[in-house]
Amino acid sequence: MDISNASRAEVIVEALPYILKYRGKVLVVKYGGNAMINGELKDSVMRDIVLLNLIGVKVVLVHGGGPEITEMLGKVGKETVFVDGLRVTDAETAQIVLMVLSGKINKGLVGLIEQKGGKAIGLSGVDGSMIEAAMKNEKLGFVGEITNINPDIITDSLEKGYIPIISTVGCDKDGNVYNINADTAAAKIAGALNAESLISMTDISGIMRDKNDPSSLISSLTIAEAEALISDGTIKDGMIPKTECCINALNWGVKKVFIIDGRVPHSILIETLTNEGMGTMFTAGDKNE
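Read on for an overview of the structure. Here the structure is a predicted model, which is why all the values come from computation and not from measurement.

The rules behind each value
- Per chain, residue numbering runs from 1 following the sequence as it is written.
- Reporting of local features is limited, given that this is a predicted model, to residues whose pLDDT is at least 70; pairs of side-chain atoms are given and counted only at 80 or more, and all residues count toward the totals for whole chains, interfaces and linings.
- To obtain the side-chain values, all non-hydrogen atoms of the structure were included, while hydrogens and water were left out.
- As defined here, a cavity is a set of points on a 1 Å grid over the protein atoms alone where a 1.4 Å probe fits but cannot get out. A pocket is an open set with protein on both sides within 12 Å along at least five of seven lines, and residues line them when an atom is within 4 Å of a point.
- Grid points are joined across faces, edges and corners, and a volume is the space filled by probe spheres set on the points.
- Secondary structure elements follow DSSP: runs of H or I no shorter than four residues count as helices, runs of E no shorter than two count as strands, and numbering proceeds from the N terminus.
- Residues are grouped as follows: nonpolar covers Ala, Val, Leu, Ile, Met, Phe, Trp, Tyr, Cys and Pro; charged covers Asp, Glu, Lys and Arg; every other residue, Gly included, is treated as polar.
- Side-chain rings of Phe, Tyr and Trp (the six-membered ring for Trp) are treated as a pair once their centres are within 6.5 Å; stacked means planes under 30 degrees apart, edge-to-face means over 60, and tilted covers the remaining angles.
- Only Lys NZ and Arg CZ are tested; either one counts as a charge over a ring when it is within 6 Å of the ring centre and within 35 degrees of the ring normal.
- Among buried residues, those of type Ala, Val, Leu, Ile, Met, Phe, Trp, Tyr and Cys that are joined through side-chain atoms within 4.5 Å constitute a nonpolar core.
- In this scheme, a residue with accessible area under 20% of its type's maximum is buried, one over 50% is exposed, and one in between is partly exposed, where area comes from a 1.4 Å probe on protein chains only.
- Note on contacts: a residue pair is in contact if any heavy atoms of the two residues lie within 4.5 Å.
- Working convention: axes come from line fits to C-alpha atoms, limited for helices to the stretch in contact. Angles between N-to-C directions cover 0 to 180 degrees.
- Angular relationships are summarised with four words: roughly parallel below 35 degrees, roughly antiparallel beyond 145, roughly perpendicular across 65 to 115, and oblique for the angles in between.

### Thoughts on empty space enclosed by the protein
Part 1: By the definition in use, this model includes one cavity of 30 Å³ or more.
Part 2: For the largest cavity, the calculated volume is near 50 Å³.
Part 3: Every residue lining the largest cavity is listed: Lys30, Asp183, Ala187, Leu198, Ser200, Lys242, Cys245, Cys246 and Val257.
Part 4: Within the residue set of the lining of the largest cavity, elements represented by two or more residues are α6 (182-192), β11 (197-202) and α8 (239-251).
Part 5: Of the residues forming the lining of the largest cavity, the biggest block, three residues, is contributed by α8.
Part 6: Classifying every residue of the lining of the largest cavity by side-chain character gives five nonpolar, one polar and three charged.

Right under this line is the structure:
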């Protein structure tokens with residue numbers, strides 16, 4: 001499809017007010033789903049993040065990596081067991097989680113950002129005791145509940161122009177390592193940074209009144225409206241914890257939270273720098289405020 005120079009200029013001009021809105025502000029991206037597996041999608045995410053950084057947005061990328069953890073556990077002969085959707089994590093598994101998330105995945109993403117012309121730094125929740133955690137439930141082992149976020153190492157990195165890329169492992173004062181849910185970690189980190197926005201990348205279009213009808217996408221929700229949709233069963237199954245993380249992020253101080261479809265190339269830019277946007281936006285109160 002041919003795009004005229006006038007059309008290109010129009011797109012750039014349309015982005016201007018959004019650039020001014022986000023310039024100097026913190027944007028936390030929870031990176032996961034298909035966009036983390038598909039090579040082309042991964043490439044578009046990294047380009048989006050570098051571009052936002054270059055126009056002055058303080059982007060923080062938070063990631064998990066469940067499929068790669070499962071793959072590595074299989075290679076060392078350990079069975080993967082889930083209870084209530086959470087991976088049972090013994091001490092050996094916790095070390096494998098640390099190795100995969102903070103090593104292979106994290107440093108791979110740092111390399112991709114650098115290849116695109118960005119300046120990234122790879123961090124784990126253990127660094128600087130960024131994510132302090134305690135055991136969530138003894139039957140789950142070293143699955144952590146976040147007790148505190150120390151954001152200094154993140155803010156120091158942002159002030160020096162780096163894009164912090166954070167793997168979601170935590171620690172306690174005894175040096176134990178914990179596997180942390182990436183959605184929860186991203187929400188907590190965004191709150192601690194008083195972020196302008198948190199973007200959660202998923203493999204769905206957003207919150208829909210009917211999951212089988214794309215036209216039923218709900219473009220914006222307040223906390224009260226989201227809670228009502230959970231109560232009446234519109235939001236159910238795996239979308240409940242994701243929605244609860246969005247609500248929690250708002251309660252922890254984030255201005256706006258978005259669930260977007262990471263399967264769409266450049267979905268981050270579409271959401272942040274265009275009139276149309278995409279996905280579902282969550283706000284604390286009146287949507288007209």
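Additional details are given in the paragraphs that follow.
### A look at the packing of aromatic side chains
Part 1: Applying the stated rule across the entire model yields one aromatic pair.
Part 2: Above the plane of the ring of tyrosine 162 lies lysine 119, whose end atom (NZ or CZ) is 4.5 Å from the centre.
Part 3: Lying across the ring of tryptophan 252, lysine 188 places its NZ or CZ 4.3 Å from the centre.

### Quick look at the nonpolar core
Part 1: Counting 42 residues, the largest nonpolar core has Tyr31, Leu52, Met201 and Ile268 as its most contacted members.
Part 2: Examining the composition of this core, we find that eight residues originate from one element, helix α4 (residues 91-115), more than from any other.
Part 3: Dropping the residues within four chain positions of it, leucine 52 is found in contact with Leu27, Val57, Val59, Ile268, Leu269, Thr272 and Leu273.
Part 4: In this structure, Leu158, Ala187, Ile223 and Leu250 belong to the second largest nonpolar core, which totals 41 residues.

### Some thoughts on the packing of α6 against α8
Part 1: Interaxial distance between α6 and α8 falls to 9 Å at its minimum, and their mutual angle equals 10°. When the axis of α6 is compared with that of α8, the two are roughly parallel. Counted together, Asp183, Thr184 and Ala187 of α6 and Lys242, Cys245 and Ala249 of α8 form the full contact between these two elements.
Part 2: In terms of residue class, the contact of α6 with α8 is made up of three nonpolar, one polar and two charged.

Read these as geometric descriptors, not functional statements.
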